[in-house]
Amino acid sequence: MKHILFLLTAFVPLMGAAQGGGRIFIENFEIAPDSTVTVQVMLDNPEPTLGLQFKMTMPEGLTVDELELTKYSEKLKMNLADRLNGDTWIIAVYSMALDQYPPDTAAVLTMTVTASPEFEGGDIAIYRSQGSTEDFVTIKYDDTHTAVLRR
């Protein structure tokens, strides 16, 4: 039953809120126009996290080609759900086995992006970020921005 409840709430905010103070982020990076790079999506969580979700928007001229779990996330039996809604990515990482990310700062996803020939740089915004405790209490995470510089 817990598995079904988490899946149903993966894209819906929960009523209670835990301590929080963590963040989901991507380090600033450079990319040349008309090229592709892979970057890490990091989780900085001060408390155990059963799953996480966030929204993400890309700067003009930068597209997401692929999102994948890292070996670390796979080892914890995490699953990935993502969809593009207009210009906003909605991303959730969750465990059907109720495994948790321990408190740490670690790469949980990799993201492959391609810059258009006209790419001039910009910011990736990660917002409405949250995790979930084992008891399905929402953990609020800080919004973050990543500077993507034209190489």
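This structure is a prediction, so every number in the text was calculated from the model and none was measured.

1. Focus on a negative patch on the surface
- A contiguous patch of negative charge on the surface is contributed by D65, E66, E68 and E74.
- With 3 residues, strand β5 (residues 62-69) is the largest single contributor of residues to the negative patch.

2. Regarding the confidence of the model for the protein chain
- Within the protein chain, residue pLDDT values average 89, and 87% of them lie at 70 or more.
- Between residues 1-16, whose pLDDT stays under 50, and residues either more than four places distant or in other chains, the model counts 33 contacts.

3. Focus on the pattern of salt bridges
- Scanning the entire structure with this criterion turns up 3 salt bridges.
- As a salt-bridge pair, R23 and D44 come within 3.7 Å of each other at their nearest N and O atoms. Taken together, the residues R23 in strand β1 (residues 17-25) and D44 in strand β3 (residues 36-45) connect sequence positions 21 residues apart.
- Given the relative accessible area of 33%, R23 is considered partly exposed.
- Residue classification places D44 among the partly exposed positions, given a relative accessible area of 23%.
- Where R151 meets E30, a salt bridge forms, and the shortest distance between an N and an O atom there is 3.7 Å. Of this pair, R151 sits in the segment after β11 (144-150) while E30 sits in strand β2 (residues 29-31), and the two are 121 residues apart along the sequence.
- Accessibility expressed as a relative area gives 57% for R151, which makes it exposed.

Rules of the game
- Residues numbered from 1 in each chain as written.
- Predicted model: local features only at pLDDT ≥ 70, side-chain atom pairs only at ≥ 80, totals over all residues.
- Heavy atoms only, no water.
- Patch = residues over 30% accessible without salt bridge, like charges linked within 9 Å, V, L, I, M, F, W, Y side chains within 5 Å.
- Areas by Shrake-Rupley, 256 points an atom, 1.4 Å probe, with all protein chains shown as cover.
- Salt bridge = Lys/Arg side-chain N within 4 Å of Asp/Glu carboxyl O.
- Lys, Arg positive; Asp, Glu negative; His and termini not counted.
- Charge placed at Lys NZ, Arg CZ, Asp CG, Glu CD.
- Helix = DSSP H or I, 4+ residues; strand = E, 2+ residues; numbered from the N terminus.
- pLDDT = per-residue confidence, 0-100.
- Contact = heavy atoms within 4.5 Å.
- Buried < 20%, exposed > 50% of the residue type's maximum accessible area, 1.4 Å probe, protein only.

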